[in-house]
Amino acid sequence: MINLFGFSIFLIHIHVTTLALLLCAVAFADHEAFAWLRGKKETLSKKILMRVHLFTWAGLLVMVTTGVQMALPLADFLVTNVAFYFKMFFVSALIINAVVIGFLLNVAAERSFASLSRKERIPLFISGGVSTVSWIGAIVSAFAMGIGL
């Protein structure tokens, strides 16, 4: 198998392709959520929300699995790399946020955004912010590690 910086090219392809697919899924979910937030859609399809959510979970699992396989040979380097710890923080935030989103997606499937109280809207905005910051942070951290994704 061809190696690049000690990584299997196959693992790199899987990791990066999965990232691209996940970013498309997240962009779709965010587009739907924004339409719901603006009142363009009264509610969102629970079936579609669940499919995107499960796809995102599967993608995160693939990303973590390939990431671990690529990280193991570089463990001595990575434990001294501050950017690696930032990346792990952002990946952890994405995983925790995915659990939270599993509970929150029912809100968009059952109620209009306009019908929500301010208190009910806060977790939705926090989750959206955590998602955005964590996806960007994980990608930037990966490049800051000096080894790419």
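The structure we're discussing is the one just above.
Thresholds, definitions, all that
Residues numbered from 1 in each chain as written. Predicted model: local features only at pLDDT ≥ 70, side-chain atom pairs only at ≥ 80, totals over all residues. Heavy atoms only, no water. Helix = DSSP H or I, 4+ residues; strand = E, 2+ residues; numbered from the N terminus. Buried < 20%, exposed > 50% of the residue type's maximum accessible area, 1.4 Å probe, protein only. Contact = heavy atoms within 4.5 Å. Areas by Shrake-Rupley, 256 points an atom, 1.4 Å probe, with all protein chains shown as cover. Lys, Arg positive; Asp, Glu negative; His and termini not counted. Charge placed at Lys NZ, Arg CZ, Asp CG, Glu CD. Core = buried A, V, L, I, M, F, W, Y, C linked by side-chain atoms within 4.5 Å. Expected span 1.5 Å × (residues − 1). Axes fitted to C-alpha atoms, helices over the stretch in contact; angles between N-to-C directions. Parallel < 35°, antiparallel > 145°, perpendicular 65-115°, else oblique. Left-handed = near helix turned anticlockwise from the far one by under 90°. Nonpolar A, V, L, I, M, F, W, Y, C, P; charged D, E, K, R; others polar. Salt bridge = Lys/Arg side-chain N within 4 Å of Asp/Glu carboxyl O.

### Describing the overall build of the protein chain
And then number 1: Helix and strand counts for the protein chain come out as five helices and two strands.
And then number 2: Mapped from its N terminus to its C terminus, the protein chain presents α and β elements in the order β-β-α-α-α-α-α.
And then number 3: With the C-alpha coordinates of the protein chain rotated into their principal frame, the extents come out at 55 × 30 × 20 Å.
And then number 4: Every one of the 149 residues in the protein chain was classed for burial, and the buried ones make up 35%.
And then number 5: For the protein chain, the share of sequence-separated contacts (at least 6 apart) that also reach a separation of at least 24 residues comes to 77%.
And then number 6: For the protein chain, the accessible area works out to roughly 9,100 Å², and carbon and sulfur atoms hold 74% of it.
And then number 7: Taken together, the 11 basic and 6 acidic charged side chains of the protein chain have centroids lying 6 Å from each other.

### Things to note about the nonpolar core
And then number 1: Of all hydrophobic cores here, the largest spans 10 residues; its members are Trp36, Leu44, Leu49, Leu104, Leu105, Ala108, Ala109, Phe113, Leu116 and Leu124.
And then number 2: Among the elements that line this core, the one with the most residues is helix H4 (residues 82–110), at four residues.
And then number 3: Setting aside residues no more than four positions away along its own chain, tryptophan 36 makes contact with Lys41, Glu42, Thr43, Leu44, Val107, Ala108, Arg111, Ser112, Phe113, Leu116 and Leu124.
And then number 4: Among the nonpolar cores identified, the runner-up in size contains eight residues, and Leu19, Leu60, Met63 and Leu94 belong to it.

### Points about the environment of leucine 104
And then number 1: For leucine 104, the position within the fold is in helix H4.
And then number 2: Among the residues examined, leucine 104 registers a relative accessible area of 17% and is labelled buried.
And then number 3: In this structure the C-alpha to C-alpha distance between leucine 104 and leucine 124, which are 20 residues apart in sequence, comes to 7.1 Å.
And then number 4: Sequence-distant contacts of leucine 104, that is, excluding residues within four places in its chain, are made with Pro123, Leu124 and Ser127.

### Digging into helix H5 (residues 118–144)
And then number 1: For H5, spanning 27 residues, the distance from its first C-alpha to its last is 38 Å, which sits close to the expected 39 Å at 1.5 Å a residue.
And then number 2: Turning to H5, its buried residues number three or more, namely Leu124, Ser127, Ser131, Ser134, Trp135, Gly137, Ala138, Ser141 and Ala142.
And then number 3: Where H5 is buried, its residues contact helix H1 (9–37), helix H2 (46–71) and H4.
And then number 4: Where H5 terminates, the next one or two residues include glycine 146, which has phi positive at roughly 85°.

### Details of the packing of H1 against H5
If you want to describe how two helices pack, look at the angle between their axes and the distance between the axes.
And then number 1: Running from N to C, H1 and H5 cross one another at 155°; their axes reach a closest spacing of 12 Å. Relative to H5, the element H1 is oriented roughly antiparallel. By crossing handedness, the relation of H1 to H5 is classed as left-handed. Between H1 and H5, the residues in contact are Leu19, Leu22, Leu23, Val26, Trp36 and Leu37 and Leu124, Phe125, Trp135 and Ile139, respectively.
And then number 2: Among the residues making up the contact of H1 with H5, the classes are represented as 10 nonpolar, no polar and no charged.

### With respect to the pattern of salt bridges
And then number 1: Counting across every chain of the model gives two salt bridges.
And then number 2: Across the salt bridge formed by lysine 41 and glutamate 32, the nearest N and O atoms sit 2.6 Å from each other.
And then number 3: Overall, lysine 41 belongs to the partly exposed group, its relative accessible area being 32%.
And then number 4: Judged by relative accessible area, which is 14%, glutamate 32 ranks as buried.
And then number 5: Note that glutamate 120 and arginine 111 form a salt bridge whose closest N and O atoms lie 2.8 Å from each other.
And then number 6: Residue classification places glutamate 120 among the partly exposed positions, given a relative accessible area of 33%.

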